Amino acid sequence: MKTLVIAEKPDMGRTIAAVIEPKAKNNRTYLEGEQYIITWAIGHLLGLAEPDAYDSKYKRWNIADLPIIPDQFKIVPNPRTKDQLKMIGELAKRASAIVNACDAGREGQYIFALIQQQLKLRQPVKRLWISDLTAESIRRGFDGLKDGSEFENLTHAARARSEADWLIGMNASRAFTTRHNALLSVGRVQTPVLALIYDREIEIEAFQSQTFYEVAAWFRQEGVEYRGVRQGDKLTDGEVAESIAASVKGKTGQIIKYEAKQTKDYPYRLYDLTLLQREANAKYGYGAKKTLDIAQALYEKHKVISYPRTNSNYVTEQNIEGMHKTLNLLKNGTYSELALNAKPELVHKNNKGVCNPSRVEDHHAILPTLKRPGTLSKDEQNVYDLIVRRFLSHFYPPAEYKQHTVLTEVEKHQFKTSVKELLSIGWKVVLGSSDQEQGSSGKKKTKKNNNEEEETEEWTDKAFAVQPDVPVQCTKSEFKEKATQPPKSYTEGTLLKAMESAGKQIENEELRDAMKDSGLGTPATRAATIERLKNVGYITMQGKKMQLTLKGRTAIELIRRAGVDLLTSPEMTGQWERRLHQISKGEAEQDKFMENVKKFTLSIIEKVRVQAPAAADAFGEDARGSRGKGNGRTAVSKTVAKSKSTTDARTTKASAAKTASTTRTTTQTSAARPGAREVLASCPSPGCNGNIIEGKKGYGCSRFKEGCTFVVWKEYAGKKITSTMLKSLIEKGSTQVLSFKRKDGSTVKARIILKDVVTGQLSGEKQEASS
């Protein structure tokens, strides 16, 4: 009998067949040779069954039927690909052994495990574990097939991930949807990612810009000219800044400190998937999913890069020879000049910036392969170019600079100058011209200092030097008004960075690496999570920037008010991902992990069941009574209203107050920039000890990070809400009588009423004309 090889996708199957059975007969859904039958899945052929597979009552969403926790999870074929699953079953009857040739990762392992389970395959299994699809790698992989039992722990981790996501997604989504009569998608990974975006937007809204003044001066010393920025206390008075600028102009100064030290910049790390997605987003504006799709095509279809779904930035000793061969290949073609000038001796097993086996687990960093690219699309060429240039950079020496720091004193005012003088361009020659930092003399780069002010660094490729003992002349001075800037909205690139470190602001690359096992999701799933948030209507894109919708904002606020903060905790959910990683290594138990997930699922249901339902307009116009875009669970639009009648609809003010007061998190996190804004009033939300402060778009509670959702937006029905009106709303419950213009041009008299003291929702109260 023959050996059945099951690849993950058709292209992969055909590529493998061309190497191990070059004369195989093509039977459309499989290829057959003398020794091997090669067939394929088409991604996931099977998935976990919907709740109604366990009991028909679950077709109707009802909070009284929760939680849904199967004793044994059922799997069902994907209707669109059931014929291919049946074909694999037929072929397996003619095979005495099976080779699992699905992607060498957790999801690839899971795809095969479900096929094996559904078809009850009993044959011994070998595992093909390779990082690229070149003929050489496939041959080497088949020469060294591993026993399938070696990957049992990886299968356990894959099952745990899938079943945990099902338990939390199904139960939490149904609970929040039926309780609040709106389609709300909740998930183990997507919800904490949404919380990252929410917290950033609240921080931006609460930010109050402060004006300050920068004084700069230009100095000359025997033919050398340089610019310095005044040091000392931040200047908030424009007249003082103008006076200082005038006082130093034309005066003689002295250099009181001068340091010059040589520095080296080493090549950036080789790409893992997340880093590739971040840079493709920054340079080309590609979304995470688009970059993943392109990288997958370069791997599967074109075979010009290694396995892209990796979380490693390093290679092993076994990869060094292949890297040298790839360098030789690149000496002909587009990259010939860069490859010919490269130094092969720089890439070796003792270069820890490249070769670090302890940092390589399932897959090494993304590398170009020994296959020349044929015709690539523009997008494919852009991503391939990033990978090749990053690869080539490691065959070049570090860039060398001389860092000059000058402190000049004039009229008792000190001015700091930073100049980075290029000595040797080194590896940066491989960067595109727009990415090279050295550029022309005088190019500036800004960086943040500890006080979050910008420091300007001059870049020059010309020799720079000053003489500390020689006086300088201040030839020019100026002062500029500046303003502190709010945090930036997330882009897909910066969100990927935050997901990788579970939301922690970690700039140190070594510490970031250490956090990789406890990030949000995996390199392979992060793009899908971001797409999910778009599809369910929680976020929209404005250019590169992510913007939270009203539905997304309300979803996070409801979850936090329900007292299930763990669902929104990036760090805690990142720890769950770490535990899954430990399961894959045999360092933790799948059963124990699932037991904890089930307990958490129960706690979610209990807390949502007693939560006060959301206001009728809390989600925006299109969020209720219609199918949520991209809702992949089930069609619920017709059942939500029916299910709603069975839920506990206790909506009295006393209940609302109790819910608000008992669902505050106990975490003592201060409001953004405490003390920087005037306190306008005490927060009226029951049980809240916060203060109302002014943000960019509204007046909100200083305890927003602890879960308080009170906010009054600065505009209502065309009227600007002033701080005086806000105080009246909080203290008296309404504004004075105001005039509102109708669409037909007529006016109507009305008061603005504070309708909900928990959320800050406003309404209008028409005033009858007096007789």
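Residue numbers here run from 1 along each chain, matching the order of that chain's written sequence. Per-residue local features of the predicted model are confined to residues with pLDDT of at least 70, and side-chain atom pairs are confined, for both listing and counting, to 80 or more; whole-chain, interface and lining totals are unaffected and use all residues. Hydrogens and water molecules were not included; the side-chain quantities draw on all heavy atoms of the structure.

**Some thoughts on the overall build of the chain**
Here is step 1: When its secondary structure is counted, the chain shows 21 helices and 28 strands.
Here is step 2: When burial is assessed residue by residue, the chain has 52% of its 771 residues classed as buried.
Here is step 3: The contact criterion used throughout is that any non-hydrogen atoms of two residues lie within 4.5 Å. Contacts spanning at least 24 positions in sequence make up 73% of the contacts within the chain whose residues lie at least 6 apart. Helix and strand assignments come from DSSP, with helices taken as H or I runs of at least 4 residues and strands as E runs of at least 2, each series counted from the N terminus. The rule is simple: take the accessible area with a 1.4 Å probe, protein chains only, and divide by the maximum for that residue type; under 20% is buried, over 50% is exposed, in between is partly exposed.

**What to know about the pattern of salt bridges**
Here is step 1: The salt bridge criterion pairs a side-chain nitrogen of Lys or Arg with a carboxyl oxygen of Asp or Glu, the two atoms within 4 Å. Tallied over the full model, the rule gives 32 salt bridges.
Here is step 2: The salt bridge involving Lys257 is made with Glu259; its shortest N-O contact spans 4.0 Å.
Here is step 3: For Lys257, a relative accessible area of 44% gives the class partly exposed.
Here is step 4: Note on Glu259: relative accessible area 41%, which makes it partly exposed.

**Here's the deal with the nonpolar core**
Here is step 1: Judged by nonpolar contacts, the single largest core of 89 residues is most densely connected at Leu4, Ile115, Phe176, Leu495, Leu567 and Phe593.
Here is step 2: With 11 residues, helix H5 (residues 152-180) is the largest single contributor of residues to this core.
Here is step 3: When neighbours within four sequence positions are excluded, Leu567 is seen to be in contact with Ile168, Ala172, Phe176, Val186, Gly187, Thr191, Pro192, Ile559, Phe600 and Ile604.
Here is step 4: Core analysis: the next-biggest nonpolar cluster, separate from the first, contains 64 residues, Ala17, Leu128, Ile366 and Trp459 among them. Think of a nonpolar core as a cluster: buried Ala, Val, Leu, Ile, Met, Phe, Trp, Tyr and Cys residues, connected wherever their side-chain atoms sit within 4.5 Å.

**Some points on the environment of Lys23**
Here is step 1: Assignment of secondary structure puts Lys23 in the loop between helix H1 (10-20) and strand E2 (25-26).
Here is step 2: Here the alpha-carbon distance between Lys23 and Glu34, two residues 11 residues apart in the chain, equals 8.6 Å.

**So, the sheet that holds strand E27 (residues 747-754)**
Here is step 1: When DSSP finds at least two bridges between two strands, those strands are taken to pair. The strand order across the open sheet formed by three strands is E26-E27-E28, and the pairing between neighbours is antiparallel. The open sheet terminates on both sides in strands that have one partner only, identified here as strand E26 (738-741) and strand E28 (762-766). For this sheet, the mean inter-axis angle between neighbouring strands, taken without regard to orientation, is 55 degrees.
Here is step 2: The pairing of E27 with E28 spans five bridges and is antiparallel. Looking at the pairing, Ile753 lines up with Ser763 of E28.
Here is step 3: Of the strands in this sheet, E26, E27 and E28 are in contact with helix H21 (residues 723-732), which crosses E27 at around 60 degrees. Between N-to-C directions, angles cover 0 to 180 degrees, with each direction set by a line fitted to C-alpha atoms, over the stretch in contact for helices.

**Regarding the packing of helix H3 (residues 106-118) against H5**
Here is step 1: Interaxial distance between H3 and H5 falls to 9 Å at its minimum, and their mutual angle equals 90 degrees. Viewed along their axes, H3 and H5 adopt a mutual orientation that is roughly perpendicular. Within the contact between the two elements, H3 uses Arg106, Glu107, Gln109, Tyr110, Ala113, Leu114 and Gln117 and H5 uses Leu154, Thr155, Ala157, Ala158, Arg159, Arg161 and Ser162. When describing relative orientation, an angle under 35 degrees is termed roughly parallel and one over 145 degrees roughly antiparallel, while 65 to 115 degrees is termed roughly perpendicular and anything else oblique.

**Some words on the packing of aromatic side chains**
Here is step 1: Note on aromatic pairs: the rings of Phe, Tyr and Trp (six-membered ring only in Trp) are paired at centre separations within 6.5 Å, and the planes decide the class, stacked below 30 degrees, edge-to-face beyond 60, tilted for the rest. With the rule as written, the count across this model stands at 14 aromatic pairs.
Here is step 2: Ring centres 4.8 Å apart and planes at 25 degrees place the aromatic pair Trp129 and Phe151 in the stacked group. Taken together, the residues Trp129 in the loop between strand E8 (125-127) and helix H4 (135-143) and Phe151 in the loop between strand E9 (146-147) and H5 connect sequence positions 22 residues apart. Across the pair, exposure class does not vary: Trp129 and Phe151 are buried alike.
Here is step 3: Ring plane angle 70 degrees and centroid distance 4.9 Å describe the contact between Tyr268 and Trp427, whose orientation is recorded as edge-to-face. Here Tyr268 is found in the loop between strand E12 (252-265) and helix H8 (273-284), whereas its partner Trp427 is found in the loop between strand E14 (413-424) and strand E15 (443-448), with 159 residues between them in sequence.
Here is step 4: A relative accessible area of 40% places Tyr268 in the partly exposed class.
Here is step 5: An aromatic cluster is present here, built from Phe219, Tyr226, Phe415 and Phe464 joined pairwise through their rings.
Here is step 6: Placement of a charge over a ring requires the Lys NZ or Arg CZ to be within 6 Å of the ring centre, with the centre-to-atom vector within 35 degrees of the ring normal. Arg390 extends its terminal NZ or CZ atom over the ring of Tyr271, reaching a point 4.2 Å from the ring centre.

**A short note on the sheet that holds strand E22 (residues 698-701)**
Here is step 1: Taken in spatial order, the four strands of this open sheet run E20-E21-E22-E23, and their pairing is antiparallel. Of all the strands in the sheet, the pair left with one neighbour each is strand E20 (679-682) and strand E23 (711-713). Between one strand axis and the next, the sheet turns through 20 degrees on average, direction left out of account.
Here is step 2: Contacts between H21 and the sheet are confined to E20, strand E21 (691-694), E22 and E23, with E20 contributing the most and set at about 10 degrees to the helix.

**Some words on a positive patch on the surface**
Here is step 1: Surface patches are defined over residues having more than 30% relative accessible area and no salt bridge, joining like charges when they lie within 9 Å and nonpolar side chains (Val, Leu, Ile, Met, Phe, Trp, Tyr) when within 5 Å. Here, Shrake-Rupley sampling with a 1.4 Å probe gives the accessible areas, and only protein chains in the shown set may cover a residue. Residues scored as charged are limited to Lys and Arg (positive) and Asp and Glu (negative), so that His and the chain ends carry no count. Where a charge lies is defined by one atom per residue type, namely NZ (Lys), CZ (Arg), CG (Asp) and CD (Glu). A cluster of like positive charges, contributed by Lys488, Lys545, Lys696 and Lys697, occupies part of the molecular surface.
Here is step 2: We classify Lys697 as partly exposed; its relative accessible area is 46%.

**Concerning helix H15 (residues 526-535)**
Here is step 1: Most of H15 is tucked away: seven of the 10 residues are buried.
Here is step 2: Among all positions of H15, only Arg526, Ala527, Thr529, Ile530, Glu531, Arg532 and Leu533 are buried.
Here is step 3: Of the surrounding secondary structure, the elements contacted by the buried residues of H15 are helix H6 (190-206), H8, helix H9 (288-300), helix H13 (492-500), strand E18 (539-542) and strand E19 (545-548).

**A look at the side chain of His581**
Here is step 1: Tracing the chain through its elements places His581 in helix H17 (residues 570-584).
Here is step 2: Using a relative accessible area of 17% as the deciding quantity, one classes His581 as buried.
Here is step 3: What His581 contacts, discounting residues up to four positions off in sequence, is Glu361 and Asp517.

**A word on helix H16 (residues 550-561)**
Here is step 1: The span one expects for a helix is its residue count, reduced by one, times 1.5 Å. Its 12 residues place the ends of H16 16 Å apart at the C-alpha level, agreeing with the 16 Å of an ideal helix rising 1.5 Å per residue.
Here is step 2: For H16, a buried count of 11 out of 12 residues is recorded, marking the element as mostly surrounded by other parts of the structure.
Here is step 3: Among the residues of H16, those classed as buried are Lys551, Gly552, Arg553, Thr554, Ala555, Ile556, Glu557, Leu558, Ile559, Arg560 and Arg561.
Here is step 4: Once H16 ends, the next one or two residues include Gly563, with phi positive near 85 degrees.

**Comments concerning the side chain of Thr310**
Here is step 1: Along the chain, the position of Thr310 falls in the loop between H9 and helix H10 (317-329).
Here is step 2: N or O atoms within 3.5 Å of each other form a polar contact, as long as, within protein, one can give a hydrogen and the other can take it, and as long as residues adjacent in sequence are counted only when both atoms are side-chain atoms. Among the polar contacts listed, one links the side chain of Thr310 to the backbone nitrogen of Ser312, at a separation of 3.1 Å.

**Re the confidence of the model for the chain**
Here is step 1: Of all residues in the chain, 87% have pLDDT values of 70 or greater, and the mean over the chain is 87.
Here is step 2: Across the chain, each position has a pLDDT score giving the predictor's confidence in that residue, from 0 to 100. Note on residues 448-453: pLDDT under 50 across the span, and six contacts to partners over four residues away in sequence or across chains.
Here is step 3: Contacts for the low-pLDDT stretch residues 624-676, under 50 throughout, to residues beyond four places or in other chains number 104 contacts.

**Some words on unusual backbone geometry**
Here is step 1: A cis amide bond links Leu66 to the next residue, Pro67, at an omega of 5 degrees.
Here is step 2: When you line up the elements, Pro67 lands in the loop between strand E5 (46-48) and strand E6 (75-77).
Here is step 3: Look at Arg28: it is not a glycine, yet its phi comes out positive at around 70 degrees.
Here is step 4: With respect to the element layout, Arg28 can be found in the loop between E2 and strand E3 (30-32).
Here is step 5: Look at Lys412: it is not a glycine, yet its phi comes out positive at around 70 degrees.
Here is step 6: Within the secondary structure layout, Lys412 lies in the loop between strand E13 (399-410) and E14.

**So, the environment of Asn27**
Here is step 1: With respect to the helices and strands, the residue Asn27 is situated in the loop between E2 and E3.
Here is step 2: For the pair Asn27 and Thr39, spaced 12 residues apart in sequence, the C-alpha to C-alpha distance is 9.7 Å.
Here is step 3: Within the local environment of Asn27, its side chain forms a polar contact with the backbone oxygen of Lys25, the two atoms lying 3.3 Å apart.

**Some details on the packing of H8 against H13**
Here is step 1: Running from amino to carboxyl end, H8 crosses H13 at an angle of 155 degrees, the nearest separation of the two axes being 8 Å. In terms of axis orientation, H8 runs roughly antiparallel to H13. Along this stretch, H8 crosses H13, giving a crossing that reads as left-handed. Taken together, the residues of H13 that come into contact with H8 (itself represented by Thr274, Gln277, Arg278 and Asn281) are Glu492, Gly493, Leu496, Lys497 and Glu500.
Here is step 2: Charged means Asp, Glu, Lys or Arg here, nonpolar means Ala, Val, Leu, Ile, Met, Phe, Trp, Tyr, Cys or Pro, and polar covers whatever is left, Gly included. A class-by-class count of the residues in the contact of H8 with H13 yields one nonpolar, four polar and four charged. Left-handed is the label given to a crossing in which the near helix is rotated counterclockwise from the far helix by less than a right angle, and right-handed is the label when the rotation is clockwise.

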